[in-house]
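Read off the chains here:
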Amino acid sequence: MDKTILTQFVREGIEQLYQEDPTLYELLEQEYRRQTNVLTMVAASSVVDPSVLACEGFVASNVTAEGYPAARLHAGCEVVDKIERLAIERAKKAFGAQYANVQSHSASSANQSVMFSLLKPGDTILGMSLNAGGHFTHGAKSSVSGQYFNAVSYGLDEEGFIDYEEVDCLAKEHRPKLLICGATAYPRTIDFRRFRRIADDVGAILLADVSHIAGLIVVGEHPSPIDYAHITTTCTHKQLYGPRGGLILLGQDYNSLIPGGRRTFTETIQQSIFPLVQGAPNMNAIAAKARALAYVMTPEFKEVARRIVTDAKSMAKNFVEKGYTVFTGGTDNHLILLNILVNGMTGGVAERALEECNIIVNKTRIRGDEQTGSVMSGIRIGTNSLALRRMERSEMGQCTTLIDTVLSSLTVLNEREYVLDAGVKERVRNDVQELCQRFPIPCYPLAPTPAYIREES
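Residues numbered from 1 in each chain as written. Predicted model: local features only at pLDDT ≥ 70, side-chain atom pairs only at ≥ 80, totals over all residues. Heavy atoms only, no water.

Under an unreviewed UniProt entry, the name given to the protein chain is Serine hydroxymethyltransferase, and the source organism is Dictyobacter arantiisoli. Looking at the protein chain in UniProt, the text filed under Catalytic activity (unreviewed entry) is "(6R)-5,10-methylene-5,6,7,8-tetrahydrofolate + glycine + H2O = (6S)-5,6,7,8-tetrahydrofolate + L-serine". Quoted verbatim from the Subcellular location (unreviewed entry) field of UniProt, the annotation for the protein chain is "Cytoplasm". (UniProt positions renumbered as here; feature names shortened; annotations may be inferred.)

Written as structure tokens, this is what we have:
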């Protein structure tokens, strides 16, 4: 194989962007520099390898490929068919699945595809509520899932764990056609076997959305739902360190008939993406998925996943020792949920103050949250990106201290406004810069912090 042609192609593209559109080039460069010089602790993101990014920006984008390999609506798909088959085989191998659809543009679109292929408007679905840590697509009233279907929600027990008895009671009361498990802000292990028993008792189809824990599942750091859930969905950009996109996976039920139907799960899901909800797939994204899926099956990624969990556990312990209210008292996966309201501030205030200091987290809803969606009462912290930087437990102590330094120095004026001491801000920024330089993102050359990050607000 000759890399000269492809290397020249990429270089010429970058040079052309630099010469013909310097404004956009500068903005892209600023974003690159920002990412290398801030501590990103957003649980819903990771850092994509340059080889994955190269796939996303390549010539497969020029191919219109509606349909599936060997069954396209357009000619010229011989090579992209091979790319999609490669992505499918890697997805199946990574997750131990019997079937994989790699065309979903996101986990949200994957969930919607599943729902609209299985359900009719008004059918009942049972999913985790937003305040308990569920996702919008699991039945929130602001989502199509909560507007087209009769959405019932389950929550958490007094200790903040999934209330499986409530799930069981609600399932028996409402007889949902679809039971959804998985979460966007839940720090503990999910019992997929128990969810399947509940689903079977009421004749429901079980959908597991594992977008936040997919990487841990691949390497065995979290139990897999593949052979418990009838259908499993995930995005590829959170813990699979891949492009923005989604996957739909089937395990042992792949060849079973849909309850009350004449088609198998495989036949139904195959048509749920195309032609039901999507047209031509993004072949660049599919190529990038294939590359990311190869990476998560390597020994190197197994070490990253180990650090994801140990870093999160260590950070949660540090917050508890500093007197913060950590939901469930700790974590089993990559995220830590803090109730900031008890410290006299809102999640929105904490998020913005930390961002001023180049620490990126996100505000989040917590159980019983009465704050608006733009404010919220908690913050959600994740270790995906920190683990990729090869940070270990000792660095988690430093990260915890940096966050505590910022939050404990705030003068909170109201639910949205605050005053941050300038000296604290400068000191934390310097410490963040030093930490980023000691633990750079692998394969991302270090770059000076752009002026707009250094400038005082």
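This is not the end of the story, as more comes after the structure.
Novice: Where do I start with the UniProt feature "domain: Serine hydroxymethyltransferase-like" (unreviewed entry) in the protein chain in this structure?
Specialist: Mapped onto this structure's residue numbering, the UniProt feature "domain: Serine hydroxymethyltransferase-like" (unreviewed entry) falls at residues 18–402. Overall, residues 18–402 shows 42% helix and 14% strand. The separation of its end C-alpha atoms is 37 Å. (Helix = DSSP H or I, 4+ residues; strand = E, 2+ residues; numbered from the N terminus.)

Novice: What exactly am I supposed to notice about the UniProt feature "modified residue: N6-(pyridoxal phosphate)lysine" (unreviewed entry) in the protein chain here?
Specialist: Cross-referencing UniProt, the feature "modified residue: N6-(pyridoxal phosphate)lysine" (unreviewed entry) maps to Lys-238 in the present numbering. Looking at where Lys-238 falls in the secondary structure, it is placed in the loop between strand S9 (231–235) and strand S10 (246–250). Judged by relative accessible area, Lys-238 falls into the buried class, the value being 12%. If sequence neighbours within four positions are ignored, Lys-238 has contacts with Ala-44, Ser-45, Ser-46, Ser-211, His-212 and Asn-384. (Buried < 20%, exposed > 50% of the residue type's maximum accessible area, 1.4 Å probe, protein only. Contact = heavy atoms within 4.5 Å.)

Novice: Where do I start with the side chain of Asp-253 in this structure?
Specialist: Structurally, Asp-253 can be placed in the loop between S10 and helix H10 (265–277). Exposure remark for Asp-253: the relative accessible area of 10% places this residue in the buried category. If near-sequence neighbours (up to four positions away) are discounted, Asp-253 is found in contact with Arg-196, Ala-229, His-230 and Phe-265.

Novice: So what exactly am I meant to see when it comes to the packing of aromatic side chains here?
Specialist: We describe a pair of aromatic rings using the distance from one ring centre to the other and the angle between the two ring planes. Enumeration over the complete set of coordinates arrives at 11 aromatic pairs. The interplanar angle of 80 degrees and the centroid separation of 5.3 Å between the aromatic rings of Phe-319 and Tyr-324 together place this pair among those described as edge-to-face. When its relative accessible area of 9% is taken as the criterion, Tyr-324 is described as buried. One aromatic cluster in this structure is built from Phe-116, Tyr-148 and Phe-149. (Phe/Tyr/Trp six-rings, centres within 6.5 Å; stacked < 30°, edge-to-face > 60°.)

Novice: Where do I start with the pattern of salt bridges in this structure?
Specialist: Side chains that carry opposite charge are capable of pairing whenever their charged atoms lie near each other. For the coordinates displayed, the defined rule picks out 18 salt bridges. Among the ionic pairs, Glu-392 bridges to Arg-306, the shortest N-O distance being 3.1 Å. Of this pair, Glu-392 sits in the loop between helix H14 (384–388) and helix H15 (393–408) while Arg-306 sits in helix H12 (residues 299–321), and the two are 86 residues apart along the sequence. We classify Glu-392 as partly exposed; its relative accessible area is 29%. Between Lys-425 and Glu-356 there is a salt bridge, with its nearest N and O atoms 2.8 Å apart. A residue pair is termed long-range when its members are at least 10 positions apart, and Lys-425 in helix H16 (residues 422–438) and Glu-356 in helix H13 (residues 347–356) qualify at 69 residues. Here Lys-425 and Glu-356 have matching classes, each one buried. (Salt bridge = Lys/Arg side-chain N within 4 Å of Asp/Glu carboxyl O.)

Novice: Which parts of the structure should I look at to understand the domain arrangement of the protein chain?
Specialist: It is common to give the size of an interface as the accessible area that goes away when the parts come together. Looking at the protein chain, the domain boundaries give domain 1 (60–297) and domain 2 (309–438). Measuring from the centre of the C-alpha atoms in domain 1 to the corresponding centre in domain 2 gives 30 Å. Listed per partner, the contact involves 22 residues of domain 1 and 21 residues of domain 2. For the domain 1 face of the interface with domain 2, the top three residues by lost area are Asn-131, Pro-187 and Arg-188, together amounting to 35%. Inspection of the domain 1/domain 2 interface yields one salt bridge. (Domains from an automatic or database assignment. Buried area = accessible area lost by both parts, 1.4 Å probe.)

Novice: Quick question: what am I supposed to make of the sheet that holds strand S8 (residues 205–209) here?
Specialist: Backbone hydrogen bonds hold the strands of a sheet together, and the pairing may be parallel or antiparallel. Sheet architecture is open: seven strands sit in the order S4-S10-S9-S8-S7-S5-S6, paired in mixed fashion. Each edge of the open sheet carries a strand with a single partner, namely strand S4 (99–101) and strand S6 (150–154). In this sheet, neighbouring strand axes are inclined to one another by 20 degrees on average, regardless of whether the strands run parallel or antiparallel. The sheet contact formed by S8 and S9 spans three bridges and is parallel. (Pairing = 2+ DSSP bridges. Axes fitted to C-alpha atoms, helices over the stretch in contact; angles between N-to-C directions.)

Novice: Would you mind going over the packing of helix H7 (residues 164–174) against helix H8 (residues 192–202) with me for this structure?
Specialist: When two helices pack together, you describe them by how their axes are tilted relative to each other and by the distance separating the axes. For the pair H7 and H8, interaxial distance at closest approach is 9 Å and the crossing angle is 15 degrees. Looking at the two axes, H7 sits roughly parallel to H8. Pair H7 / H8 crosses with right-handed handedness. Contacts between H7 and H8 involve Tyr-164, Glu-165, Val-167, Asp-168, Ala-171 and Lys-172 from the first element and Arg-194, Phe-195, Ile-198 and Val-202 from the second. Classifying every residue of the contact of H7 with H8 gives six nonpolar, no polar and four charged. (Parallel < 35°, antiparallel > 145°, perpendicular 65-115°, else oblique. Left-handed = near helix turned anticlockwise from the far one by under 90°. Nonpolar A, V, L, I, M, F, W, Y, C, P; charged D, E, K, R; others polar.)

Novice: Can you help me understand the packing of H13 against H15 in this one?
Specialist: Interaxial distance between H13 and H15 falls to 10 Å at its minimum, and their mutual angle equals 115 degrees. Considering how the two elements wind past one another, H13 and H15 form a crossing that is right-handed. Packed against H13, whose contacting residues are Ala-350, Ala-353 and Leu-354, the element H15 presents Ile-403, Val-406 and Leu-407 at the interface. Residue classes in the contact of H13 with H15 are distributed as six nonpolar, no polar and no charged.

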